[in-house]
Amino acid sequence: MNDFEFQTATTVDEAVSLLAAKGNRARVLTGGTDLIVQLRENLREADLVVDVKKIPELMQYSLTEKGLRLGAGVPCYRIYGDEAICKAYPGLVDSARIIGGWQIQSRASIGGNLCNSSPAADSIPTLIAYDVICHIAGPEGRRTVPVAEFCTAPGQNVLKRGELLTELEFPAAARHSGGAYLRFIPRNEMDIAVVGAGAWVQLDARGEKIERARLALAAVAPTPLFLSDASAALAGKPATEATFKEAAAAASAIAKPINDKRGTVEYRKHLAGVLIERSLVGAVRRARGEKWDPHL
Amino acid sequence: MTPKSEQKKYKVIGTRPIRHDGADKVTGRAVYGADLRLAGIVHGKILRSPHAHAKVKSIDTSAAEKHPGVLAVVTRADMPNLKDKIADLGEGSVNLAHLGANVLAHDKVLYKGHAVAALAAVNPHVAEEALKLIKVDYEVLPSVTWVMDAMKDDAPLLHNDVFTKSMGKRASKPSNVPTHIHFEKGNIEEGFKAADVIVEREFKTASVHQGYIEPHVSTALWNQDGHVTVWTSTQGAFTARAQTAELLQIPVSQVTVVPCEIGGGFGGKIAVYLEPVAAMLSRKCGRPVKMVMTREDVFEGTGPTPGSFMRVKLGATKDGKLVAGEAWLAYDAGAFPGGVIGPGAMCVFSCYELPHAKVDGYDVLDNKPKTQAYRAPGATQAAFACETVIDELAEKLEIDPLEFRLKNAAKEGTRRVDGPVYPRVGLVETLEAAKNSPHWKSKLEGKHRGRGIASGYWFNIGLKSSVAANVNNDGTVSLIEGSTDIGGTRTSIAMQFAETLGITAEAVHPRVGDTDSVGYTDVTGGSRTTFATGLAAHEVALDIQRQMRERAAILWECDASQVQVEDGAYCHKDKRLTFAELAGQLGHTGGPVVGRATVSPEGASNAFGTHLVDVEVDPDTAKVTILRYTAIQDAGRAIHPSYVEGQMQGGAVQGIGWALNEEYVYSDQGRMENASYLDYRMPTALDVPAIETIIVEVPNPAHPYGVRGVGETPIIAPPAAIANAIYAATGVRMTELPMSPPRLWAAMTKGKQS
Amino acid sequence: MVRKTHVATTINGEPVEFLCEARQSLLEVLRETLGLTGSKEGCNNGNCGACTVLLDGQPVDSCLVLAVEVEGAQITTIEGLSKDSHLHPIQQCFLEDAALQCGICTPGFIMSAKALLDRDPNPSEHAIRFQLAGNLCRCTGYDKIIRAVQDSAKRMAGQK
């Protein structure tokens, strides 16, 4: 690993000015579980690494009736360690519990997973399903971007020179709503998604009809994918197996995966459907107030 | 599960004492290779080929040499030029010219990851920076990584000085097939004529890695007096010494190998990689040089076990008797000749009484790292093929697969296809134990579930072992043995010594000696350590006992022959001294008592196992879940049952990994695409259930306590057992390893369509 | 010469100061600078858990922590687990249950097990397997490790 300068920022402004000065030769360090590996394996280079874990704004979260404001650097273990978050955003917890093993979750953050912008990232379909807004600070001030528009290519995103992701804003958990995330991996842990699928639904008061839904996929395209048409098509449909199968077919059709060491095109397209169906089942059951465990 | 009668017979054997090196290992104090700290130590790194096959036209190290902090640079030009010479490494032999070219490439690189140059610097980061400054001019050549492609006439040729040896004849044209092995017994045509049912299938397996958690590591000091000391992680200090001395062309007496604690080997830490390079760097810079591989180096530069293509044909009569078997096996050897086709060919039919058989085996060069032994090298592939065909035959004959195996099981007097006739062996007993096991008797219910069974066979090689012992005046004994301890063998050796001498396991203090401290001992491999070094320890105990009787005789002024040994105590008429009491009197009866023994048991003895597995296959994703697993094995005599179980469980889980997910994934350019633990996918704790074990004890006639080595057999059956279970669950016969989700899904989809 | 940073931290209850380069991992500094070689390097990219230490009570792969990050932190390594002349119950159970063969992964497993039992004194077998999935063992097949953690839980409950 080449040597680099290390700075600890304590405010967002300080981080932004450090990052702006070095441009694309600067990297943000939160958990480091992607960055340190990439620097070590010469996949990314940096002259400056800015640790942002001492910036209070990035390391806190608040759950109110308006929703969840999640600091970009909050490590995964704090998310699934909070019972209120587990109850309100179980899909987020599904993701946080499977990003690496426990040692990784002690450090890795959802914000970091998003900024790493892997097509196979385990949190991004969840964030898309929950319709999260990304809060970004930069030399020009602050701005927001819907998470579905955040990633632009493998490893790339909308962050410009000097910009820092500060917070992820989750809409309030609506009544009769539920979210779920599932991925397929050949092992049961410590693996990269062959395909990942996030689903969020809001049902009618009787829990029978889907009022709104958002579906997203990982590892089937250069960026995590929001299935806008398939999501819209679910509105007004009964929450039944036939409906889920329609969504599954739509997901398989829209998936444009590649052949690589983790799976084939045909298998991934097939899995996209299987996982969308299963994650929809999970989201609907949770919307009805039932328990659903993605690992069983 | 040690039979009750045996527990009475022995005081130490069959008990479960805490291992002697245990406290050091749970506190982090044990010194593994990378933990070594020496004054003035510097750090070496290796530059590796980015190409699978290329000519090395030139290497320019000038910029690296000038880089601040770099102390020495080594290329092929610095190493002695070696002639073809075969060195015996215990579990396999090696051509030194090839070994040398593997350690640092000559005029060609033969696989991605092949070592090209090395340097030493003040710290590993500086060394890594400097590697980028070495300029190598390559002429890229076409490459081949699949064994059947490598056998084609128009395949890229790896070596133009390798000619096929077949039935004692050498071919006239160079080829990628160094060796053709042929075994035959009976009359194969007659045999198949007598068969009512014949099944013939083709199989493929991917290269897999041993996967030890500790990367290869060596530190060498070429001292100013010319003596070379190497601290290393090796399965055999003496074979490491022999290879290092030969590659450096210095006498073995000029090299001391100090075996550090070793973080796993499974056959992959016998050949040297770093030792001679670190020594040469040390010679150049005059300081101790430590070299540690990265995990990527380990995958790309060290021994996987062969990928293979196999065709197996078996015939049986209506009443379920096997009559004939034919196998055609091609295993890749990687970049240099000498893979593990030999034992593969010997083992393919080793579980069965087969009157007529024929086996052809081919050792095949391709652009992969030189293959190395991996736990029962060659047998797992062959068993995957044979045991799957056995299962299909049983199905066609409508005979229970366990009963079919029992009916045809190899036993005392069975002649293996390569010649040897078995003495008393325990395959039938493992099958009977399987039949009576709670697992086999349980009912497997639920959709998409299936049960599989398979058996496996491996040798216990004999070779040479040395042990020495010093009696301390408090009644303890310091034991020095030459076998490096990968999994608790200090204790299993010490327990045999203690049993013979009639003292407790705790009263023995075993240590692994370096090559200047203990007699020659072959590698920890071939399931031989508890068997052969244990045998040596038993003989040392007899030597000590003889001397102790002489000391008692001096005290009691009688003849040594009049001193009896009862329960470890020394007695004459009404006089009686415990071992400890007598040890306290050595000072005035002639001084210290030192014992020694060296053994060289001839031939190999035999260990069989049978595994049962229940699986569930997700019908949508084709992911296989192991629901229940039982490993049954003939251990001859389990010295420390916990560590016997541990070998069975560990081998089973390695076999599960091999069956389901582990493989070298190659790009079209012959580059390994998954050289990390993340993408190589060894099983985690969450991927396997409890592994139930049943130890069967059919004593080995070639060992005083009946020990059979247990280390290797447990990896052999799992892929076949799982394939058979998958068939029971899905109706799909898998003939390719690994049976990973994409591959099984494709087969299930094809099955549905047809 | 690369510039070094001064770091003050606490390791196994003792204040420790060291100088390091920004690119050095906590694992490298523990092993090479401080001589605490009980934490092992198996992969150096967070996939094997052999280098697991507790950082402010949380298990982390010390190969994926920069040493410069631990200013002011509390770190526990395998060397800090046994107190006085006694092994920690987890260490004792690993020995009694023969939960190690080559032993290279053992320190990492013991640290992860400690982190688990500190939070969940009575974990189910599934919970143990799930929480230890970040630690690879190639020798034991995990069976005896799981038993040792279960036995540790019982023994630690008995000591309270």
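Residues numbered from 1 in each chain as written. Chains lettered and ligands numbered in written order. Predicted model: local features only at pLDDT ≥ 70, side-chain atom pairs only at ≥ 80, totals over all residues.

Trainee: Account for the overall build of chain A, with residues named and values stated.
Mentor: The helix and strand inventory of chain A stands at eleven helices and 14 strands. Whereas a compact globule of 296 residues would reach a radius of gyration of roughly 19 Å, chain A reaches 19 Å, a difference of no more than 12%. Projected onto the principal axes, the alpha-carbon positions of chain A cover approximately 55 × 45 × 35 Å. Across the 296 residues that make up chain A, the buried fraction comes to 57%. (Helix = DSSP H or I, 4+ residues; strand = E, 2+ residues; numbered from the N terminus. Rg over C-alpha atoms; globule rule 2.2 N^0.38 Å. Buried ≥ 20, exposed ≤ 12 C-beta atoms within 10 Å, placed from the backbone.)

Trainee: Requested: an account of the overall build of chain B, with residues and values cited.
Mentor: Scanning chain B from terminus to terminus reveals 22 helices and 33 strands. In terms of overall dimensions, chain B is globule-like: its C-alpha atoms have a radius of gyration of 27 Å, near the 27 Å expected for 754 residues. Considered along the principal axes of its C-alpha atoms, chain B spans approximately 85 × 75 × 50 Å. In chain B, which comprises 754 residues, the share counted as buried stands at 62%. Counted over contacts in chain B with a minimum sequence separation of 6, partners at least 24 positions apart contribute 80%. (Contact = placed C-beta atoms within 7 Å.)

Trainee: Can you tell me about the pairing of strand β1 (residues 42–48) of chain B, naming the residues and giving the values?
Mentor: Residue and element names in this part refer to chain B. Of all seven residues making up β1, seven are buried, and the element is well covered by its neighbours. Here β1 shows a buried face lined by V42, G44, I46 and R48 and a second buried face lined by H43, K45 and L47. Note that β1 and strand β17 (residues 289–292) share three bridges and pair parallel. Considered in β17, the bridge of G44 is made with M291. Relative to strand β7 (residues 115–121), β1 runs antiparallel, the two being bridged by six bridges. Residue pairing in the sheet places H43 in a bridge with A121 of β7. (Pairing = 2+ DSSP bridges.)

Trainee: Explain the nonpolar core residue by residue, including any values.
Mentor: Counting 410 residues, the largest nonpolar core has A:V195, A:L217, A:A251, B:L119, B:V277, B:I722 and B:I726 as its most contacted members. If near-sequence neighbours (up to four positions away) are discounted, B:I726 is found in contact with B:G450, B:V615, B:V617, B:V624, B:V732, B:M734, B:M739 and B:L744. (Core = buried A, V, L, I, M, F, W, Y, C linked by C-beta atoms within 7 Å.)

Trainee: Would you mind going over the interface of chain B and chain A in detail, with residue names and values included?
Mentor: With 18 residues of chain B in contact, the opposing surface of chain A contributes 15 residues. At the level of secondary structure, the elements contributing two or more residues to the side of chain B that touches chain A comprise α20 (677–680) and α22 (741–753) of chain B. Its residues assigned to classes, the side of chain B that touches chain A shows six nonpolar, six polar and six charged. (Nonpolar A, V, L, I, M, F, W, Y, C, P; charged D, E, K, R; others polar.)

Trainee: If you had to explain the sheet that holds strand β14 (residues 225–226) of chain A to someone new, which residues and values would you point to?
Mentor: All names here are of chain A. One open sheet holds the four strands; their spatial order is β11-β12-β13-β14, and the pairing between them is antiparallel. The open sheet has two edge strands, β11 (177–184) and β14, and neither has a second partner. Bridge count for strand β12 (residues 195–203) against strand β13 (residues 210–218) is eight bridges, and the pairing is antiparallel. Each residue of the ladder has a partner; that of G196, found in β13, is A218. Across the sheet, helix α11 (residues 265–287) touches β11, β12 and β13, and the angle it forms with β12 is around 35°. (Axes fitted to C-alpha atoms, helices over the stretch in contact; angles between N-to-C directions.)

Trainee: Kindly report on the interface of chain B and chain C, identifying the contributing residues and their values.
Mentor: Much of the literature gives interface size as the accessible area that the parts lose upon coming together. Listed as interface residues are 45 residues of chain B and, on the opposing side, 43 residues of chain C. When residues in the side of chain B that touches chain C are grouped by element, the largest group, eight residues, is from helix α19 (residues 641–660) of chain B. Looking at the side of chain B that touches chain C, its residues break down into 21 nonpolar, 17 polar and seven charged.

Trainee: Residues and numbers for helix α1 (residues 12–22) of chain A, please.
Mentor: Residue and element names in this part refer to chain A. For α1, the set of buried residues is A15, V16, L18 and L19. Buried residues of α1, viewed axially, fall in a sector of 165°; they line one side. The secondary structure elements touched by the buried residues of α1 are β1 (5–8), β2 (26–29), β3 (48–51), β6 (133–138) and β10 (164–171). Note on α1: the residue one or two positions beyond its end, G23, has a positive phi of about 55°. (Arc of directions from axis to C-beta.)

Trainee: Explain the sheet that holds strand β27 (residues 569–572) of chain B residue by residue, including any values.
Mentor: The strands making up a sheet associate through backbone hydrogen bonding, with each pair oriented either parallel or antiparallel. Residues and elements named next belong to chain B. Reading across from one edge, β26-β27-β28 is the order of the three strands in this open sheet, with antiparallel pairing throughout. The strands lining the two open edges of the sheet, one partner per strand, are β26 (564–566) and β28 (575–577). Each strand of the sheet is rotated relative to its neighbour by a mean of 30°, with strand direction disregarded. One ladder, built from three bridges, connects β27 with β28; its direction is antiparallel. Bridge assignment links C571 to a residue of β28, and that residue is R576. In the packing of helix α17 (residues 529–556) onto the sheet, contacts are made with β26, β27 and β28, and the angle to β27 comes to roughly 40°.

Trainee: Outline the environment of A:I136, supporting the account with residue identities and numerical values.
Mentor: Residues and elements named next belong to chain A. Structurally, the position occupied by I136 is in strand β6. For the pair I136 and K160, spaced 24 residues apart in the sequence, the C-alpha separation amounts to 9.8 Å. Once residues lying within four places of it in the same chain are set aside, the contact partners of I136 are R142, R143, T144, V145, L159, E163, L164, L165 and T166.

Trainee: Would you mind going over unusual backbone geometry in detail, with residue names and values included?
Mentor: Note that the residue after B:L737, namely B:P738, is joined by a cis bond; omega there is -5°. Along the chain, B:P738 falls in the loop between β33 (736–737) and α22. You will see that A:S117, though not glycine, has its phi angle at about 55°, which is positive. Locating A:S117 in the fold gives a position in the loop between α7 (110–116) and α8 (124–129). With 22 C-beta atoms packed within 10 Å, A:S117 lands in the buried category. You will see that B:E557, though not glycine, has its phi angle at about 50°, which is positive. Its location among the elements puts B:E557 in the loop between α17 and β26.

Trainee: I'd love a proper account of the pairing of strand β23 (residues 465–471) of chain B, names of residues and values included.
Mentor: Residue and element names in this part refer to chain B. Burial of β23 is extensive: six of the seven residues sit out of reach of the surface. Pairing of β23 with strand β29 (residues 594–599) involves six bridges; the strand directions are antiparallel. The residue of β29 that forms the bridge with S465 is V599. Bridge count between β23 and strand β24 (residues 477–481): five bridges; the pairing is antiparallel. Paired with V471 across the bridge in β24 is V477. Following β23, the chain reverses through five residues before pairing antiparallel with β24; G475 in that reversal takes a positive phi of roughly 90°.

Trainee: Give a description of the confidence of the model for chain B that names residues and reports values.
Mentor: Residues and elements named next belong to chain B. Across chain B, the average pLDDT comes to 96, with 98% of residues at 70 or higher. A low-confidence stretch, residues 1–5 stays under pLDDT 50, and its non-local contacts, those more than four residues away or across chains, total eight contacts. The ipTM, which scores confidence in the relative placement of chains, is 0.98 for this predicted complex, and the corresponding pTM is 0.97. (pLDDT = per-residue confidence, 0-100.)

Trainee: Hey, could you go over the packing of helix α3 (residues 106–119) of chain C against helix α5 (residues 143–159) of chain C for me, with residue numbers and the actual values?
Mentor: Residue and element names in this part refer to chain C. As a packed pair, α3 and α5 sit with axes 11 Å apart at the nearest point and diverge in direction by 45°. For the element pair α3 / α5, the angle class is oblique. For α3 against α5, the interelement crossing comes out right-handed. Along its contact with α3, which presents F109, A113 and L117, the element α5 presents I145, V149, S152, A153 and M156. Along the lines of polarity and charge, the residues of the contact of α3 with α5 split into seven nonpolar, one polar and no charged. (Parallel < 35°, antiparallel > 145°, perpendicular 65-115°, else oblique. Left-handed = near helix turned anticlockwise from the far one by under 90°.)

Trainee: Just give me the short version of the environment of A:V284, but keep the residues and values in it.
Mentor: Residues and elements named next belong to chain A. Relative to the helices and strands, V284 resides in helix α11. Under the C-beta neighbour-count criterion, V284 is labelled buried, with 24 such atoms within 10 Å. Taking the C-alpha atoms as reference, V284 lies 8.8 Å from A180; in sequence the two are 104 residues apart. Discounting chain neighbours no more than four positions away, the residues touching V284 are G178, V201, L203 and A239.

Trainee: Would you mind going over the packing of helix α10 (residues 241–254) of chain A against α11(A) in detail, with residue names and values included?
Mentor: Residue and element names in this part refer to chain A. One can describe the packing of α10 onto α11 by two numbers: an axis separation of 7 Å at closest approach and a directional angle of 145°. Both α10 and α11 take part in a crossing whose hand is right-handed. In this structure, α10 contributes F244, K245, A247, A248, A249, A251 and S252 to the contact, and α11 contributes K269, H270, A272, G273, V274, I276, E277, L280 and V281. Partitioning the contact of α10 with α11 into residue classes produces ten nonpolar, three polar and three charged.

Trainee: So, the environment of A:V37: which residues are in play, and what are the values?
Mentor: Inspection of the secondary structure puts A:V37 in helix α2 (residues 35–40). Of the residues examined, A:V37 has 20 C-beta atoms within 10 Å and is grouped as buried. Note: C-alpha distance between A:V37 and A:M1 (36 residues apart in sequence) is 9.6 Å. Ignoring anything within four residues of it in the chain, the contact list for A:V37 reads C:N45 and C:G46.

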